[in-house]
Each structure stands twice: as C-alpha cells, then as structure tokens.
Amino acid sequence: MSARRRVVIVGSGGREHALAHVLGRTADVVVTPGNAGIAGSTDTPATELEADLFVIGPEQPLVDGLADELRAQGKRVFGPGADGARLEGSKAWMKALFERAGIPTARHATFGPGQEAEARAFLDTLAPPYVLKTDGLAAGKGVLVTDDRAEADAGVDAYLSGEAFGDAGTTLVIEEGLVGPELSVFAVCDGTTAVLCGAAQDHKRVGDGDSGPNTGGMGTYSPVPGVDDALLDDILHRCIVPTLDALRGEGIDYRGFLFCGLMLTADGPKVLEYNVRFGDPEAQVVLPRITSDLAALLASAADGALGDAPTFDDGAAVCVVAASEGYPASPRTGDVIEGLDEVATLDDVAVFCAGVRADGAGHLVTAGGRVLNVVGRGPDVPTARARAYDAIGHIRWPGMHHRSDIAASAG
Ligand code: AMP
Ligand code: GLY
C-alpha cells in the first residue's frame, strides 16, 4: 500500500469544505486559507506549502495565474493556468472560441464603449428575453435577463459606461435568450481528454419561486431527474471534448474541472457558459456522492494521464444555503451561529461552512453572504430534501434566510 497522499486545497468556501470532506477519505488534506469551520485550515499560502497534489477551488486565483506559479515551482496542480482560465475570465473570448469550435450556444455579439448604437441595433434583431452579460468576472452577478426592451437599452448604457461593473463591465456580450431547463455538468480534464464528474441543478435567485435578484446559488440537488447517461454522454462529446480540442488548438493544456452550464432547449443542449472550477454549491451535492478515489483521479488529471470516470452512489443529495440578512445586496456579518451541535447528531446530514469565522470566544459567527451549506443525503431527492430541511430548522442566527423550495419540483 502506498502512503496517503498529502493534498493542499486552495480556497475558503463551502465548495472547498466539500472537496476537503471527499478528498479527506483517501488523502491528508490542508486547506488554505480555509475558514474557521474547516478542519485543517492554514494561513500559510500554497506557494509555501509542500504536497503531492494542489487543488485550486475558486476562479479568481486561477484567473490570477496561481496554477502557473505553483507549476513553475515544480508542484503537481489540478486547475488550469491563466490561459485556460480565460474561459471564465472573459465571456467574449469564450463565445469566440465556441464559434470557432462549432459548440452549440446562443447567438451573440460583443460590444465595447462607444458602440451603444450598434448594441441597440443588435437588440433589434432579437426577440425577448434579452440577455446582457459583462465580459469579466462579476461574482455571478454580471448577467441581466429581461423581457423589457427599455430595461435592456438602459443596461447597454450602464454596462458600456462602466457604471454597472467598473472595468469588468465595459465589454458587453448580448445574447439571444434561450428557453428551457438549466443544467450544470462537470468534467475532469487532463489537457487532452475528459471524463464526466456528475451533474446538478442550481437555484440562482434569492427567493422562493425564483424571485428576487441572482445570487451565487441558494441551493442545489443531484442527480437531476430526467437527465440520463445518454444525455450526459451527448454533452461530453458535443460540447466538452470539442472545447478541450479547441483549447489545445490554442496551445492551452487545460487540466482541471470544467463546469459546463447548459440550457436544454427544444433544439438540444446549448452551452450558456463554462466555469473553470467546480460549482459552488454544486460541489456540495455532487462530490459527496462519489464512491471512487477522487484524490487519485485528480492526481492522474494533473499528470496528464487521466484515470477512469468517477463512480457515484445511487442516492441523492440536496443542499440548502443558509444566508445572512441582506444577502445578496449587503450581507450583515458578525452574528453568532447557533444549532450546529444539534445538527451534528442527525444522520445523513453534512454542514459545509462558507462565510464563517471564529469570534475569539469560542463561537462561529457569520462572515459573508452565503454562510452555511446544509446537505441532506438519501435514497432519492425527496428524502434527501426532507433531511436537509429538517437540519436547517435547527440552525439560527438573527436575519438568517434560506429558500424553502430547493429541489421541490425534482420528483
Ligand atoms: P451565466 O453567468 O452566463 O451562466 O448566466 C447566469 C444566468 O443567466 C444563467 O444561469 C441563466 O439563468 C441566465 N442566462 C444566461 N444566458 C442566457 C441566455 N442566453 N438565455 C436565457 N437565459 C440566460
Ligand atoms: N453555483 C454557480 C456557480 O458556482 O457559479
């Protein structure tokens, strides 16, 4: 038997907590910077740590080139370099790559400052809903979807002037609005090939019934009823593998998770976007269902010698996000979180910590908008859902809120 691998995970949210939970089954795990709710957290930066494998969770360090920096130190890294991370860092570049590679996606055009008239003329060619996206990273908030043409016109001005998103927003992508259920599909890539790594459904709006503003995600479930292996294989071969081929054609050796956000339209699956990392809170429902050795798989991908696709249990997982008062506009922080000891006694429930910190008096307090991810497991989605909601009923702090309809329509 070989010794357990030592794995460093970079990041500080619920996704990284879930990665630590699952990688920790077969590896010794350190998380940098992690948070007060994740065992093995350290303030020492990844560049100063030694390990057999480095796994980078969030997009920002990938876009900033952390994977390149670690590779230059001779480290084994799972996560794309800054060149591959442009897929998420620039929607305009991503859409141009889709076009060259023939990947099914919404019709679109890209505009810069001063092209307000051209942008409006392109809107004239589209039917509602109108979709406006800022080019750069905007923490999941850079997208406007509206049926109201006046609002779309106002959006053109706000995006192109930089008023909406500063420097991230002066390049604008306008897209044809697609209609259909959304699906998130995940793959593990080794630069040349890819294997599927689960699928999930996200609830992005803050309120029940998909009301209110977009968030980073208020809840997820996996598997997604009605999404079978044939559909996932079709997405792998028609979208994901051609994307890797196109990246390789640009000289980009993409080793990491690829998150394919799709809409299942009447004309078949169409790619809305890629993210260069696992979804958050999708990781919290997909990764715990893996029954094979995830650390070994990610190490094989980091080496460019991809192992077999992961295997999953037959059950389901549902994640409900507990958010702080004011999220997403202006979350209040510093509230003491209560009830976690009660949840710890429940079966088939895991709590992953996102925006939390220790207050110095032995309490965990809120430190962000999305605070806790409460995951229920069970033989099917309704059972997993009931367990997640039972658990979240024990958790409280002033102003805490969550959606009550996560996975409600999922069989
Ligand atoms: P994105 O950041 O590109 O995934 O967009 C965020 C959300 O906006 C998606 O999850 C969709 O709900 C919506 N959206 C994005 N692009 C489109 C589109 N072309 N048609 C309809 N809805 C879209
Ligand atoms: N939950 C959506 C994302 O991670 O971007």
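Right, let's walk through the structure included here. (Residues numbered from 1 in each chain as written. Chains lettered and ligands numbered in written order. Predicted model: local features only at pLDDT ≥ 70, side-chain atom pairs only at ≥ 80, totals over all residues. Heavy atoms only, no water.)

**Notes on the packing of aromatic side chains**
Definition in use: Aromatic pairing here means that ring centres of Phe, Tyr or Trp (its six-membered ring) are within 6.5 Å. Orientation follows from the plane angle: under 30 degrees is stacked, over 60 is edge-to-face, and everything else is tilted. The numbering of helices and of strands both runs from the N terminus, where a helix is a DSSP run of H or I of at least 4 residues and a strand a run of E of at least 2. The cut-offs for exposure are 20% and 50% of the maximum accessible area for each residue type, with area from a 1.4 Å probe on protein chains only; residues under the lower value are buried, those over the upper are exposed, and the others partly exposed.
Using the criterion set out here, one finds six aromatic pairs in the structure. For the pair Phe186 and Phe278, a centre-to-centre distance of 4.0 Å together with 10 degrees between the ring planes defines the contact as stacked. Placement of Phe186 in strand S9 (residues 182–190) and of Phe278 in the loop between strand S13 (268–275) and helix H9 (283–286) is noted, with a sequence separation of 92 residues between them. Of the residues examined, Phe278 reaches a relative accessible area of 1% and is grouped as buried. Considering the side-chain rings of Phe257 and Phe278, the 4.8 Å spacing of their centres and the 90 degrees angle between planes classify their relative orientation as edge-to-face. You can see Phe257 sitting in strand S12 (residues 255–265) and its partner Phe278 sitting in the loop between S13 and H9, a full 21 residues away along the chain. You'll find Phe257 and Phe278 in the same group, each marked buried. One aromatic cluster is present, formed by Phe78, Phe186, Phe257, Phe259 and Phe278 through successive ring pairs.

**Observations regarding the site of ligand 1**
We apply this condition: We call a residue near a given molecule or strand whenever any one of its heavy atoms falls within 4 Å of it. Contacts described as polar in this section are N or O atom pairs within 3.5 Å, which, within protein, must combine one atom able to donate a hydrogen with one able to accept it, while residues neighboring in sequence count only if both atoms come from side chains. For the area figures, the Shrake-Rupley method with a 1.4 Å probe applies, and any residue is considered shielded solely by the protein chains shown.
Taken together, 15 residues form the shell around ligand 1, and within it Lys133, Glu175, Leu178, Glu182 and Glu273 come nearest. Lys91 is positioned such that a nitrogen or oxygen atom in its side chain is 3.2 Å from an oxygen atom of ligand 1. A distance of 2.7 Å separates an oxygen atom of ligand 1 from a polar atom in the side chain of Lys133. Taken by itself ligand 1 offers 470 Å² of open surface, and the protein chains cover 90% of this. When contributions to the shell around ligand 1 are tallied by element, the ones reaching two or more residues are strand S6 (130–134), strand S7 (143–146), strand S8 (172–176) and S13.

**Details of the environment of Asp313**
Selection criterion: Throughout, a contact is declared for two residues whenever any of their heavy atoms are within 4.5 Å.
Along the polypeptide, Asp313 turns up in the loop between helix H10 (294–302) and strand S14 (316–323). If sequence neighbours within four positions are ignored, Asp313 has contacts with Arg289, Thr291 and Arg377.

**Here's the deal with the sheet that holds S6**
The condition is simple: DSSP calls a pair of strands paired once it identifies at least 2 bridges connecting them. Angles run from 0 to 180 degrees between N-to-C directions of axes, and those axes are lines fitted to C-alpha atoms, restricted for helices to the stretch in contact.
Taken together, the four strands give an open sheet; going across it, the order is S5-S8-S6-S7, and neighbouring strands pair in antiparallel fashion. Of all the strands in the sheet, the pair left with one neighbour each is strand S5 (108–111) and S7. In this sheet, adjacent strand axes meet at a mean angle of 15 degrees when their direction is disregarded. Strand direction decides the pairing type here: S5 and S8, joined by four bridges, are antiparallel. Residue pairing across strands places His108 opposite Glu175, the latter belonging to S8. Running at roughly 170 degrees to S5, helix H6 (residues 116–124) makes contact with S5, S6 and S8 of the sheet. Helix H7 (residues 149–161) rests against S5, S6, S7 and S8 of the sheet, and its axis sits at about 15 degrees to S6.

**So, the sheet that holds strand S4 (residues 77–78)**
Strand pairing in a sheet relies on backbone hydrogen bonds. The paired strands run either parallel or antiparallel. With parallel pairing, the four strands of this open sheet are ordered in space as S2-S1-S3-S4. The strands lining the two open edges of the sheet, one partner per strand, are strand S2 (27–33) and S4. Pairing of strand S1 (residues 5–11) with S2, which is carried by seven bridges, proceeds in the parallel orientation. Residue pairing for S2: Arg6 is matched across the bridge by Asp28. Those strands touched by helix H1 (residues 14–23) are S1, S2 and strand S3 (53–56), and its axis lies near 170 degrees from that of S1. The sheet strands contacting H10 are S1, S2, S3 and S4, and the helix crosses S3 at an angle near 95 degrees.

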